[in-house]
Amino acid sequence: AGVATMKFKSPPVNSLNLDFLTEFCISLEKLENDRACRGVILTSAIPKIFSSGLDITEMCGKSTEHYAEFWRAVQEMWLQMYSSNMVTVAAV
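Bear in mind that the values here come from a model prediction, so they are computed numbers and not experimental data. (Residues numbered from 1 in each chain as written. Predicted model: local features only at pLDDT ≥ 70, side-chain atom pairs only at ≥ 80, totals over all residues. Heavy atoms only, no water.)

Chemist: Which parts of the structure should I look at to understand the packing of helix α1 (residues 18-33) against helix α2 (residues 64-83)?
Modeler: To describe two helices that pack against each other, one gives the angle between their axes and the distance between the axes. The interhelical angle for the contact between α1 and α2, taken along N-to-C directions, is 35°, at an axis separation of 9 Å. In the crossing of α1 with α2, the sense of the turn from one axis to the other is left-handed. Residues L18, L21, F24, C25, L28 and E29 of α1 touch α2, and the partners they reach there are H66, E69, F70, A73, V74, E76, M77, Q80 and M81. Per-class residue counts for the contact of α1 with α2 are ten nonpolar, two polar and three charged. (Axes fitted to C-alpha atoms, helices over the stretch in contact; angles between N-to-C directions. Helix = DSSP H or I, 4+ residues; strand = E, 2+ residues; numbered from the N terminus. Left-handed = near helix turned anticlockwise from the far one by under 90°. Contact = heavy atoms within 4.5 Å. Nonpolar A, V, L, I, M, F, W, Y, C, P; charged D, E, K, R; others polar.)

Dropping the structure here:
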């Protein structure tokens, strides 16, 4: 019907770490390139949990390069979400 569902599955609380953000951006880009897809529903595969937000452990005890890569991933995710042509719904 032109609507995709992306289910977050990063136990225990769907925290937004570097791997999660990278996979999220790749998946969103694939949906953007699919002309049949007009919208996306963001939800969780973990009962009673949507997302805990940014993973604070990504910003502690790592290299400067890692911090820069993580912050770029955060910015890329927000830019892709807010500039998307698709209708986006969060089903919490």
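Alright, that's what it looks like, and here's the rest.
Chemist: Before we go on, may I ask you to explain unusual backbone geometry in this structure?
Modeler: Residues apart from glycine generally show negative phi values, whereas peptide bonds are mostly found in trans. The omega torsion of the bond from P11 to P12 falls at 5°, within 30 degrees of zero and hence cis. Structurally, the position occupied by P12 is in the loop between β1 (3-8) and β2 (15-16). Even without glycine at this site, N14 takes up a positive phi of about 55°. Among the residues examined, N14 registers a relative accessible area of 0% and is labelled buried. A positive phi angle, close to 65°, is found at K48, a residue other than glycine. Tracing the sequence through the fold places K48 in the loop between β3 (39-44) and β4 (53-54). (Buried < 20%, exposed > 50% of the residue type's maximum accessible area, 1.4 Å probe, protein only.)

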